[in-house]
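Examination of the molecular architecture
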Amino acid sequence: MPRFRASHIIDGFGEGENPMRIAMPVTILTLLALAGCQSTGDDADAVPASAIPPGMASSVTVPGGAPGDIADLVNATAASGQSQLLARGYKKTIQQGQTTFWWNPTTTICAQVVTSNGRYQTIGAAEMRYCGY
């Protein structure tokens, strides 16, 4: 009959049992699960942090950086883009050179639009202060 030891209650292992028999498979399974969380490094659609202008926010953007409701206006002509922004509930707040800030009171999105050569080159979410909030 096996002897009873107080250590059986504490560590849960019987005499001659190796705790590594359980710990090793658990460790391997944990490492495999975590390995699936690693990035492949293939972030072709990602915008490098250095390319994001000051004042941009990312909380309301699609992967390309623009607010979801106006992302389709990138490369639109300035005239048609402005008409679309107004039709979608945006109001022009500030213009600084070729950069215009637009506020949508319904969605509470402040958008930054940069125009170049008569077209919307970039659209992104901007900090609320650029829209007066």
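Residues numbered from 1 in each chain as written. Predicted model: local features only at pLDDT ≥ 70, side-chain atom pairs only at ≥ 80, totals over all residues. Heavy atoms only, no water.

**Looking at unusual backbone geometry**
Phi is mostly negative for residues that are not glycine, and the peptide bonds are mostly trans. Of note in this structure, Thr-108 is not a glycine but carries a positive phi near 55°. With respect to the secondary-structure elements, Thr-108 resides in the loop between strand S2 (99–104) and strand S3 (109–116). Given a relative accessible area of 46%, Thr-108 falls into the partly exposed group. Residue Asn-117 is not a glycine yet carries a positive backbone phi of 55°. (Helix = DSSP H or I, 4+ residues; strand = E, 2+ residues; numbered from the N terminus. Buried < 20%, exposed > 50% of the residue type's maximum accessible area, 1.4 Å probe, protein only.)

**Structural notes on the pairing of S3**
Along S3, 6 of the 8 residues are buried, which leaves the element largely enclosed by surrounding structure. Sheet topology note: the S2/S3 ladder contains 6 bridges and is antiparallel. Paired with Thr-99 across the two strands is Val-114, which belongs to S3. Remark: 4 residues form the turn of the hairpin made by S2 and S3, two consecutive strands paired antiparallel; Thr-108 in that turn has positive phi of roughly 55°. Looking at chain direction, S3 and strand S4 (residues 119–125) are connected through 6 bridges and run antiparallel. (Pairing = 2+ DSSP bridges.)

**Overview of the sheet that holds S3**
Hydrogen bonds between backbone groups are what pair the strands of a sheet, and the pairing can be parallel or antiparallel. One open sheet accounts for 4 strands, arranged S1-S2-S3-S4; its pairing is antiparallel. A strand with exactly one partner marks an edge of an open sheet, and here the two such strands are strand S1 (91–96) and S4. Direction aside, the axes of adjacent strands within the sheet are offset by 25° on average. Where S1 meets S2, 5 bridges bridge the pair, whose relative direction is antiparallel. Within S2, the position partnered with Lys-92 by the bridge is Trp-102. (Axes fitted to C-alpha atoms, helices over the stretch in contact; angles between N-to-C directions.)

**Notes on the packing of aromatic side chains**
By the definition in use, this model includes 2 aromatic pairs. Between Phe-101 and Tyr-130, the ring centres sit 4.7 Å apart and the planes meet at 10°, which makes this aromatic pair stacked. Of this pair, Phe-101 sits in strand S2 while Tyr-130 sits in the segment after S4, placing them 29 residues apart in sequence. Each member of the pair, Phe-101 together with Tyr-130, is buried. (Phe/Tyr/Trp six-rings, centres within 6.5 Å; stacked < 30°, edge-to-face > 60°.)

**Focus on the state of the cysteines**
In a disulfide, the sulfur atoms of two cysteines are covalently bonded to one another. As enumerated under the stated definition, the model contains 1 disulfide in all. A sulfur-sulfur separation of 2.0 Å characterises the disulfide bridge that pairs Cys-110 with Cys-131. Its torsion about the S-S bond being 80°, the disulfide of Cys-110 and Cys-131 is classed as right-handed. In this pair, Cys-110 sits in strand S3 while Cys-131 sits in the segment after S4, placing the two residues 21 residues apart along the sequence. With respect to class, Cys-110 is no different from Cys-131; both count as buried. (Disulfide = S-S within 2.5 Å.)

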